[in-house]
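The chain contents come next:
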Amino acid sequence: MQLLIMGAPGAGKGTQATKLAEKYKIPHISTGDIFRNLDERTELGQQVRRFMKSGKLIPDELTNQIVEERLQKSDCADGFILDGYPRTTAQAINLDVVLKILRQPLTQVLNIHVEPEELIERAVGRRICKNCGATYHVKFNPTKVADVCDACGGSLYQRADDNADTMKNRLSVYENSTRPLIDYYKQAGIYSEIDGRQPIDKVTADLFNVLDGLK
Ligand code: ADP
Ligand code: AMP
């Protein structure tokens, strides 16, 4: 199963992609995570961090190349879930070409819809485990012990781009560059929309329902 999870920044893509990856035993490929994990001592790592910190997109050419390489790894042979890619029409077109060559067309595109007003609060309250990458929220999905990961005991950090100012840029980049992809995938006939304003477990149940309905 080749899945793509879409939605504005903070909509819950990463949270839900983790659950889909577990259930369907497919790798979760987040371009944001790949970029955050680039070595900051390299020129490339520093350049990427500058784009991310201001809320701008990394250039298409580099992003496409990174995803193309990732999709060719053997763990993607039975499918994958893409999170945060594609974010532009050029990336979507490139993805179609790559998946055609790999003979692994997208099975379904899942768009998690959340009203823009809610997204800033979600991002500003997001906390991530330094050790295992699990995502929490100070109010909506808190850890049992403050600042300690429930899953592995690691300590939590806040992303450099999870502040109200950068979020405004990220939301406007989303509106201009990424939202048009909704029509792109509607036209391809593989688009589903899920209400992301519900509790996390309810969103997960809705996603499972959509995918179970495809069989
Ligand atoms: P994205 O990957 O789309 O940027 P995340 O999955 O990291 O979003 O979620 C953003 C923040 O919102 C996180 O702190 C997460 O815990 C929280 N969150 C995710 N889904 C929900 C939900 N359905 N209701 C409330 N908060 C949520
Ligand atoms: P995310 O973790 O998905 O919220 O992404 C964080 C940041 O990484 C974005 O604001 C961009 O700067 C960069 N990024 C992630 N995915 C892409 C992509 N597909 N194209 C360009 N930039 C990206």
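Residues numbered from 1 in each chain as written. Chains lettered and ligands numbered in written order. Predicted model: local features only at pLDDT ≥ 70, side-chain atom pairs only at ≥ 80, totals over all residues. Heavy atoms only, no water.

J.: Teacher, can you tell me more about helix 7 (residues 164–178) here?
T.: An α-helical segment advances 3.6 residues per turn. Residues three or four places apart therefore align on the same side. In this model, helix 7 (15 residues) spans 20 Å end to end at C-alpha, consistent with the 21 Å of a helix rising 1.5 Å per residue. When we look at burial in helix 7, the residues that qualify are T166, M167, R170, L171, Y174 and T178. Down the axis of helix 7, the smallest arc covering the buried residues is 140°, so these residues share one side. In helix 7, the exposed positions angled more than 90 degrees off the buried face are occupied by D165, K168 and N176. Packing partners of the buried residues in helix 7 comprise strand 1 (2–6), helix 3 (43–54), helix 6 (116–124), strand 5 (126–129) and helix 8 (181–188). (Helix = DSSP H or I, 4+ residues; strand = E, 2+ residues; numbered from the N terminus. Expected span 1.5 Å × (residues − 1). Buried < 20%, exposed > 50% of the residue type's maximum accessible area, 1.4 Å probe, protein only. Arc of directions from axis to C-beta. Contact = heavy atoms within 4.5 Å.)

J.: What am I meant to see in the side chain of N64 here?
T.: With respect to the helices, strands and loops of the structure, N64 is situated in helix 4 (residues 60–71). Dropping the residues within four chain positions of it, N64 is found in contact with Y85, A90, Q91 and N94.

J.: Even after reading the chapter, I still don't get the packing of aromatic side chains, so can you show me in this structure?
T.: Applying the stated criterion to the full structure yields two aromatic pairs. Note on Y24 and F208: the rings are 6.2 Å apart at their centroids and 85° apart in plane angle, and the pair reads as edge-to-face. Here Y24, found in helix 1 (residues 13–24), pairs with F208, found in helix 9 (residues 200–212); they are 184 residues apart in sequence, far enough to count as distant. Arranged with centres 5.1 Å apart and planes meeting at 85°, the rings of Y184 and Y185 form a pair that is edge-to-face. Its relative accessible area of 25% is what places Y184 among the partly exposed residues. The aromatic ring of F208 is capped on one face by K23, whose charged end is 4.2 Å from the ring centroid. (Phe/Tyr/Trp six-rings, centres within 6.5 Å; stacked < 30°, edge-to-face > 60°. Lys NZ or Arg CZ within 6 Å of the ring centre and 35° of its normal.)

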